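Chain residues, written in single-letter form:
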Amino acid sequence: MKNGELNVDGVIISSRDVPITLPNLKYGYRSEPFQWNELREIIEVEKDLAKLSRSETQQRDYEVFRHHLRLQYNSAIDYILISKLGFDRVQKNGLWHAEPRLADFGEVRKVLVPNDFPYYMADGIVHYVLWKTKETVTAEDINEAREQLRTMMKLDDILHWVNPPHLKSLPEIDHVHFLCLLDKSCDFQKAS
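Note that the coordinates shown come from a computational prediction; the quantities given were computed from them, not determined experimentally.

## A few points about helix H2 (residues 56-72)
Moving on, step 1. Between its terminal C-alpha atoms H2 stretches 24 Å, which fits the 24 Å expected from 17 residues at 1.5 Å a residue.
Moving on, step 2. Among the structural elements, strand S1 (6-8), strand S2 (11-13), helix H3 (76-83) and strand S4 (95-99) are those in contact with the buried residues of H2.

Here it is as structure tokens:
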């Protein structure tokens, strides 16, 4: 890597000075981190997932990442298949492609990983995503992921949700979001 470049899970960020436009959000960007009780209200009571957002700075970082991803990968699907689900990568016409293609892949594969660009949340809250190829995530998959999270970290609580179709970033690969409230005795810097 060249001096000043940053590798974010397989995407080389060569410059932060790139042309991006921040999306207009129904509820705007967060100026204060979400607290656990607020997240619970949004996810379980209101069920208004459009309220979940990043700060402007976090969104800018995400958009810079997406800009560089588009220059290096055939698609965001290829990126997820390679970086999260362990598919091989091959370069064609200067872009990384997942091998095999998702349409040609016959087996179910799932993985639970930290979200690279979580929402703006208070210390002690971590965001994970369960990705699954070829099938819809089931209640059993969700329960297994919750147990896996409880094994990985000392937790007080877990929330999960599936985005409605209009909010799904990658509808081709089923996925579920998990927010984990770390036990108050945890060192938040090490757990996030």
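## Quick word on the pattern of salt bridges
Moving on, step 1. On inspection of all chains with the given rule, the structure shows 15 salt bridges.
Moving on, step 2. Note that Arg-101 and Asp-104 form a salt bridge whose closest N and O atoms lie 3.0 Å from each other.
Moving on, step 3. For Asp-174, the salt bridge is made with Lys-168, and the minimal N-O distance between the two is 3.4 Å.
Moving on, step 4. Note on Asp-174: relative accessible area 14%, which makes it buried.
Moving on, step 5. Each of Lys-110, Lys-132, Glu-135, Asp-141 and Glu-144 takes part in salt bridges that share partners, so that together they form one network.

## Details of the nonpolar core
Across soluble globular proteins, nonpolar side chains have a tendency to be buried as a group.
Moving on, step 1. Among the nonpolar cores identified, the biggest contains 24 residues, and Leu-81, Trp-131 and Ile-173 are the most heavily contacted of them.
Moving on, step 2. Elements supplying a minimum of two residues to this core: S2, H2, H3 and strand S6 (125-132).
Moving on, step 3. Looking at this core element by element, the count peaks at five residues for H3.
Moving on, step 4. Beyond its immediate sequence surroundings of up to four residues, Ile-173 is in contact with Ile-77, Ile-80, Leu-81, Leu-85, Leu-102, Trp-131 and Lys-132.

## Observations concerning the environment of Asp-116
Moving on, step 1. Residue position: Asp-116 is located in the loop between strand S5 (110-114) and S6.
Moving on, step 2. Since its relative accessible area comes to 34%, Asp-116 is described here as partly exposed.
Moving on, step 3. Apart from residues no more than four positions distant in its own chain, Asp-116 is found in contact with Asp-9, Tyr-79 and Lys-84.
Moving on, step 4. At 3.5 Å, the side chain of Asp-116 and the side chain of Tyr-79 are in polar contact.

Criteria and thresholds
- Residues numbered from 1 in each chain as written.
- Predicted model: local features only at pLDDT ≥ 70, side-chain atom pairs only at ≥ 80, totals over all residues.
- Heavy atoms only, no water.
- Helix = DSSP H or I, 4+ residues; strand = E, 2+ residues; numbered from the N terminus.
- Expected span 1.5 Å × (residues − 1).
- Contact = heavy atoms within 4.5 Å.
- Salt bridge = Lys/Arg side-chain N within 4 Å of Asp/Glu carboxyl O.
- Buried < 20%, exposed > 50% of the residue type's maximum accessible area, 1.4 Å probe, protein only.
- Core = buried A, V, L, I, M, F, W, Y, C linked by side-chain atoms within 4.5 Å.
- Polar contact = N/O pair within 3.5 Å; in protein donor to acceptor, adjacent residues only side chain to side chain.

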